[in-house]
Amino acid sequence: MSRAAPPASRRALLRLAAATAAAGTLPRWAWAAAPALARNPFALGIASGDPAPDGVVLWTRLAVPEGTGALTVRWEIADDPAFRRIVQAGQAGALPALAHSVHVEVAGLASGRWYCYRFMLGDAVSATGRTRTAPAANAPDARLRLAFASCQRWEHGYYAAWRHLAADAPDLVAFLGDYIYEYATPADSTGLARTHALRHARTLDDYRDRYALHKSDPDLQAAHRACAWIVTWDDHEVENDYADDAGRDAQGFAARRAAGYQAFYEHMPLRAAALAAGMDHLRLYRSVAWGRLARFHLLDDRQYRARQACRPPGASGAASVKAGCAELQAPERSLLGLEQERWLDGALARDAEEGAARWSVIAQQTLFSPRHYPSGVTATDNWDGYPAARARLLASVRQRQPRNTVLIGGDIHQNYVCAVHADPERPGSPVLASEFCGTSITSRSGTTQAKVDAVVRRNPHVLLADCEHRGYVLADIAPQRWSTQLRVLDDAARADASISTLARFVVEDGLPGPMRDGA
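What counts, and where the lines are drawn
Residues numbered from 1 in each chain as written. Predicted model: local features only at pLDDT ≥ 70, side-chain atom pairs only at ≥ 80, totals over all residues. Heavy atoms only, no water. Pairing = 2+ DSSP bridges. Helix = DSSP H or I, 4+ residues; strand = E, 2+ residues; numbered from the N terminus. Buried < 20%, exposed > 50% of the residue type's maximum accessible area, 1.4 Å probe, protein only. Disulfide = S-S within 2.5 Å. Axes fitted to C-alpha atoms, helices over the stretch in contact; angles between N-to-C directions. Contact = heavy atoms within 4.5 Å. Polar contact = N/O pair within 3.5 Å; in protein donor to acceptor, adjacent residues only side chain to side chain. Salt bridge = Lys/Arg side-chain N within 4 Å of Asp/Glu carboxyl O.

## A word on the pairing of strand 23 (residues 499-508)
Both faces of the sheet carry side chains from a regular strand, because those side chains alternate between them.
Okay, step 1: As paired strands, strand 22 (residues 481-489) and strand 23 are joined by 9 bridges and run antiparallel to one another. In the strand pairing of strand 23, W482 is matched with V507.
Okay, step 2: Summarising the sheet, strand 23 and strand 24 (residues 511-516) pair through 3 bridges and their orientation is antiparallel. The partner of F505 across the bridge, within strand 24, is R516.
Okay, step 3: Counted between consecutive antiparallel strands, the loop separating strand 23 from strand 24 contains 2 residues, among which G510 sits at a positive phi close to 80°.

## Details of helix 2 (residues 160-167)
Okay, step 1: Residues of helix 2 that are buried include every one of A160, A161, W162, H164 and L165, and no others.
Okay, step 2: Positive backbone phi, approximately 55°, marks A169, located one or two places after helix 2.

## Quick look at the state of the cysteines
Okay, step 1: What the rule picks out here adds up to 1 disulfide.
Okay, step 2: The residue that forms a disulfide with C310 is C325, at a sulfur-sulfur distance of 1.9 Å. Taking the sign of the S-S torsion, 105° for the link of C310 and C325, the bridge is right-handed. With a gap of 15 residues between them, C310 in the loop between strand 13 (294-298) and strand 14 (320-321) and C325 in the loop between strand 14 and helix 6 (338-352) connect regions that are remote in the sequence.
Okay, step 3: Here C310 falls in the partly exposed class, since its relative accessible area comes to 31%.

## A closer look at the sheet that holds strand 18 (residues 415-421)
Okay, step 1: The 7 strands lie next to each other as 12-13-15-17-19-18-20, forming an open sheet whose pairing is mixed. The two strands at the open ends of the sheet, each matched to only one other strand, are strand 12 (286-290) and strand 20 (462-466). Taking the axes of each pair of neighbouring strands and ignoring which way they run, one obtains an average angle of 20° across the sheet.
Okay, step 2: Running over the sheet, helix 7 (residues 387-400) touches strand 15 (359-363), strand 17 (405-409), strand 18 and strand 19 (431-437) and is turned about 125° from strand 19.
Okay, step 3: Across the face of the sheet, helix 8 (residues 449-457) comes into contact with strand 18 and strand 20 while running at roughly 170° to strand 20.

## Brief notes about the side chain of H196
Okay, step 1: Examined against the element boundaries, H196 turns out to sit in the loop between strand 10 (172-175) and helix 3 (204-215).
Okay, step 2: At 3.4 Å, the side chain of H196 forms a polar contact with the backbone oxygen of Y183.
Okay, step 3: In terms of polar contacts, H196 uses its side chain to reach the backbone amide nitrogen of L198, at 3.1 Å.
Okay, step 4: With near-sequence residues (within four places) excluded, H196 lies in contact with W154, E155, Y183, A184, T185, R210 and L213.

## Description of the pattern of salt bridges
Okay, step 1: Going through the model one piece at a time under the given rule, you end up with 29 salt bridges.
Okay, step 2: Of the charged contacts in the structure, one is a salt bridge between R153 and E155, with a shortest N-O distance of 3.3 Å.
Okay, step 3: The shortest N-O distance in the salt bridge between D381 and R305 comes to 3.0 Å. Here D381 is found in the loop between strand 16 (378-379) and helix 7, whereas its partner R305 is found in the loop between strand 13 and strand 14, with 76 residues between them in sequence.
Okay, step 4: Using a relative accessible area of 11% as the deciding quantity, one classes D381 as buried.
Okay, step 5: By relative accessible area, R305 is classed as buried at 2%.
Okay, step 6: It is possible to trace a salt-bridge network through shared partners that takes in D234, D235, D301, R302, R305 and D381.

Written as structure tokens, this is what we have:
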């Protein structure tokens, strides 16, 4: 795999990344003949993402020998899987400084249409992917099948969930964080489904190797080929429970975070707009519209957050604190950062204008609703650790009044379904929104169902909580109803695991709060 470029070249990398995203012809200086290929250069798969009414991002990363120079990759988009009716074609640069990753921003496509796409290098041809453009902004309300997922630690299971997700034929996948885990395989691997030989990730090369490991999985590749994805990150793309510029190693964390961020860009189907603030400060919060039916507001709750309350120096950040932590209630503390908070408030206001969005979907990393534990402790790494920020977001929803607000999340490796109240501390306050927090693809929950049931008894806004299953969430979104299925595996430790539906919930248009569906 490609080795890291020196830090001094980061500004040049930013310029090159933006230039190579253009769906056109590269300057002749960047051309290079395809090398003699001893292996499939598309062994890490292909993907598409961030659909717009007129286009989409196409992604791949070439698996070529270390020391390979810049290459020119050809790409095609067609109306049919046999590529008899090619709609667009072009070439793009695969640069060693960006791990030979390719990001092509295709424009000029018809809205609301399925397309097939592929890449070529020399005589090698990638697998075929399917992608769909978003409906036009003024298109009549249609339907959308959304799948969302998070947290896929390699050692904790096989990626059977991705195989089943692809078979469920979604129009769009939202990935909500922890695409990789930075850990090495524990010395005691007893009970792990599988292992790897990579070291704990700290450098750009380490992170690139970790993504290459994950992307080698055929079930994950199939899910990427099935449809377009919209993605954000959480903490393990860099380091467990980091907060903004605060990691375990104060002196070396800035370089580590920059390496993790660059590797994330290299391996995700992101637009060059994500690089507006630089390669080491990706702009991931953004809105993706699906006609007038839905607008997805993807958030970033890691890069701008205040340090976890009452966090000791050098601690991981995942502290659970009891009463007496005055810092927890400080009004200026934010999970999103004040600039992102203002952006989201404006986005919700636009959703409400003239019915611009039937469903306003806040796609973020973790559980938004509070969990009051029998022990009286407060977990500080999620929204419970930032109560003033949660109150501001709720006030924004209440003031802006988008037609229907749904929050989706992950991170906690458990399924939670909640009614979101205007005042989280008053169960009798009005319900403003619905929340579906999905379990993990593989990552274990670290708790027991008995403990989760005890939490539910103390939290009447929680309609379902389950920690025993791995899987994903499938949502069928129509103008009058949002229907959710919690899709769960029988055993994530088995590559041939089967899938079933744990529970179904619906949200009716104009009636906030989920209801169990008896269908």
